[in-house]
Each structure stands twice: as C-alpha cells, then as structure tokens.
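This is what each chain is made of:
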Amino acid sequence: LAYTKSIPDLLLNAVALSYVMQVDELLYQVVVPRRAKALITNVTPIDTSEKLAGFLPAGIPKRAMGTLLFAIGFLASFVGVFILPHANRMRKLRDDLCPQ
C-alpha cells in the first residue's frame, strides 16, 4: 500500500489486504462446526507466568534469539564464502575486458 501511486490501485490493494487479513476468520466461521466453536470458546487460557523465567531481559525468547544469531552467522558465512569471491572475480573480469 505504501508504494501505490493511484487512488484506484490504493483502494484495490486495501480491499485485497482486508481480504487476506480476514480469510482465516472467514474460513473458521464457515468450516468449523458449532460444537467445536463452543468447545474452543470454553477453553481456559494457559498460565505462562512460569515460562517468563526463560526469557532474556528484553522479553525475547532464548530460542528466537539463537535462531536469529544462527541466521545472521549463516548469512555472513554465505556472503564470505560464495558472494565476495564471485564478486571479486567479476570485477577482475570486468577490468580485464574493459580497461579504463
């Protein structure tokens, strides 16, 4: 929606976004039987006060932080092993083929 330039496209994208945001609720209303809905509404919430002890001070779960650090490390190693050597070879090839 932020990059839409015309009003008709903005309206169309807003309606599409609204549909995408509500499709799960629509499917729930149509597909799930009444008895299952009644059971779901009667379920009591789970107490999560004990689980808060395993969180980092900022409220971020340890597993999420570990996954993020792993992804950053993987991306950095991928760039270092594959992308940078390839880019250096391309620069050398460009310099050899198109000297300045």
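Refer to the preceding data block for the structure.
I will try to describe carefully the structure that is included in this document. Note that the coordinates shown come from a computational prediction; the quantities given were computed from them, not determined experimentally.

## Topic: the pattern of salt bridges
- One pass over the full model with this rule turns up 2 salt bridges.
- Two residues, Lys92 and Asp96, come together in a salt bridge whose shortest N-O distance is 3.2 Å. In this pair, Lys92 and Asp96 are both assigned in helix H3 (residues 62-97), 4 residues apart and thus about one turn of the helix distant.
- Using a relative accessible area of 54% as the deciding quantity, one classes Lys92 as exposed.
- A residue is classified by how much of its surface remains accessible, and Asp96, at 51% relative accessible area, is exposed.
- Note that Arg94 is salt-bridged to Asp95, the shortest N-O span being 3.5 Å.
- For Arg94, a relative accessible area of 47% gives the class partly exposed.

Each value, and the rule that gives it
Residues numbered from 1 in each chain as written. Predicted model: local features only at pLDDT ≥ 70, side-chain atom pairs only at ≥ 80, totals over all residues. Heavy atoms only, no water. Salt bridge = Lys/Arg side-chain N within 4 Å of Asp/Glu carboxyl O. Helix = DSSP H or I, 4+ residues; strand = E, 2+ residues; numbered from the N terminus. Buried < 20%, exposed > 50% of the residue type's maximum accessible area, 1.4 Å probe, protein only.

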